[in-house]
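Here is what each chain is made of, one letter per residue.
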Amino acid sequence: MSATRKTYRVGIIGAGAIAQECHFPGYKKDRRSKVVAFAEPTIERHTEVKERFGKINGYSNYKDMLKNEALDIVSICTPNVFHAENAIAALNAGCHVLCEKPIATTLKDADKMIAAAKKSRKKLMIGFTHRLLKGPQKTRQFIQEKKIGKPFMIRIRFAHGGPYPGWAKNSWFYNPKLAAGGAMLDMGIHAIDLALWMLGSITSVNAMARTIVKRIPVDDNALLQLEFKSGALGYIEVGWTSQPGFSGVEVYGTKGTLICDYAKGLQLCEGTASAGKDGSVKWKTLDKAPTRGGWDIEIKHWLDIIDGKEKLTMSGLAGRNALEVALAAYASSKDGKTVRLG
Ligand SMILES: NC(=O)c1ccc[n+]([C@@H]2O[C@H](COP(=O)([O-])OP(=O)(O)OC[C@H]3O[C@@H](n4cnc5c(N)ncnc54)[C@H](O)[C@@H]3O)[C@@H](O)[C@H]2O)c1
């Protein structure tokens, strides 16, 4: 950064878990930015922010923050249903916007956000942080380099014990009006985005999103079957009620296999795997720590995009595409039918 360039003035809307674990520290760590304000209705969060990140102007309403502070960048870390309203207001106020996933809760809202970004000529990025992990990055690179031939199957599984209690600052994740979905929207949206990013457009989805273990009014486990434009098939499994088990991405191709196991590493298997010919199979470890990156580098990546050093790929459109598949999955789950996408 040149000595004369001003520091980006950042505002954060929603000062809960992801704001405190990723956004506040990320901007603080980077010399190019300074968080000068945040908006958060809950008073305890104001105390936490002060204790953890020093004195920063706190507002209870984001509209007052946008009116009073001359901000360059806004991070949106509120419950899902508020993303669109917050993002559109921040874009209209002339700010670049980093919005947490999912982009919004309806496609209409996602479209309005994309239109607001275009109109204001500001950047809109969605926090698809799995794309910033070394393992998924290398997996995609190897797919693109045709190291496994033509991919015909992708399998992704993400699971943990659920966001609340333990992670989130309150139980909004389990409120359909605020979250608009359960484990499938929360964790599935990351998996769907990775599937789209790695294998391209999805043409149909068949899903089961169910509440099996927790007494909550949203789904706590879900399965998705996908068909890609390329002809490949996909399988996504997410849950809020278990150990992760296998966590990561498996991609099977005509000439090899990529297993990106978040706990064990990224491996490439080359050769033929047909019965009785196992001798020709070779396994190679490509990365022993595939979960390096992610939240730790998200804000640097975002500031690099604003500075024109990196391309914006986790765009509003990427957010919309993933949301379209997630909403189709809920429709499929409800009706018991396969949903075709345009
Ligand atoms: N990228 C990731 O991997 C990742 C991880 C966790 C959460 N998230 C996303 O981040 C968002 C926030 O999740 P969280 O885990 O931090 O939840 P959280 O409950 O810990 O934090 C949300 C905060 O928003 C505040 N809030 C509620 N309504 C508000 C409003 N109208 N204006 C301003 N603030 C408001 C709440 O008081 C709370 O402090 C969600 O969209 C979630 O999907 C993303």
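Everything here concerns the structure above.
Residues numbered from 1 in each chain as written. Predicted model: local features only at pLDDT ≥ 70, side-chain atom pairs only at ≥ 80, totals over all residues. Heavy atoms only, no water.

Student: What is the right way to look at the overall build of the protein in this model?
Tutor: Counting its secondary structure elements, the protein contains 11 helices and 15 strands. Compactness check: the protein gives a C-alpha radius of gyration of 21 Å against a globular reference of 20 Å for 342 residues, within 12% of the reference. Among the 342 residues that make up the protein, the fraction classed as buried is 54%. Intrachain contacts of the protein at a sequence separation of at least 6 include 69% that bridge at least 24 residues. If the 51 positive side-chain charges of the protein are averaged to one point and the 32 negative ones to another, these points end up 4 Å apart. (Helix = DSSP H or I, 4+ residues; strand = E, 2+ residues; numbered from the N terminus. Rg over C-alpha atoms; globule rule 2.2 N^0.38 Å. Buried < 20%, exposed > 50% of the residue type's maximum accessible area, 1.4 Å probe, protein only. Contact = heavy atoms within 4.5 Å. Lys, Arg positive; Asp, Glu negative; His and termini not counted. Charge placed at Lys NZ, Arg CZ, Asp CG, Glu CD.)

Student: In this structure, what is going on with the packing of aromatic side chains? I would like to understand it.
Tutor: In this description, a pair of aromatic rings is defined by centroid distance and the angle of the planes. This model, assessed by the stated rule, comprises 7 aromatic pairs. Ring geometry for F158 versus Y262: centroids 5.6 Å apart, planes at 40°, classification tilted. In this pair, F158 is assigned in strand β7 (residues 151-159) and Y262 in the loop between β12 (256-261) and β13 (265-270), connecting sequence segments 104 residues apart. Across the pair, exposure class does not vary: F158 and Y262 are buried alike. Here the aromatic residues W172, F173, Y174 and W240 are joined through ring pairs into a cluster of three or more. (Phe/Tyr/Trp six-rings, centres within 6.5 Å; stacked < 30°, edge-to-face > 60°.)

Student: Teacher, can you tell me more about the sheet that holds strand β6 (residues 124-126) here?
Tutor: In sheet architecture, strand pairing relies on hydrogen bonds along the backbone and comes in two forms, parallel and antiparallel. The parallel open sheet is built from 6 strands, whose spatial order is β3-β2-β1-β4-β5-β6. Only two strands of the sheet have a single partner each, and these edge strands are β3 (57-59) and β6. Strand-to-strand, the axes of this sheet are offset by a mean angle of 20°, without reference to chain direction. Bridge count for strand β2 (residues 33-39) against β3 is 3 bridges, and the pairing is parallel. Residue pairing in the sheet places F38 in a bridge with G58 of β3. Here helix α1 (residues 17-29) sits on the sheet in contact with β1 (8-13), β2, β4 (73-76) and β5 (96-99), set at roughly 170° to β1. (Pairing = 2+ DSSP bridges. Axes fitted to C-alpha atoms, helices over the stretch in contact; angles between N-to-C directions.)

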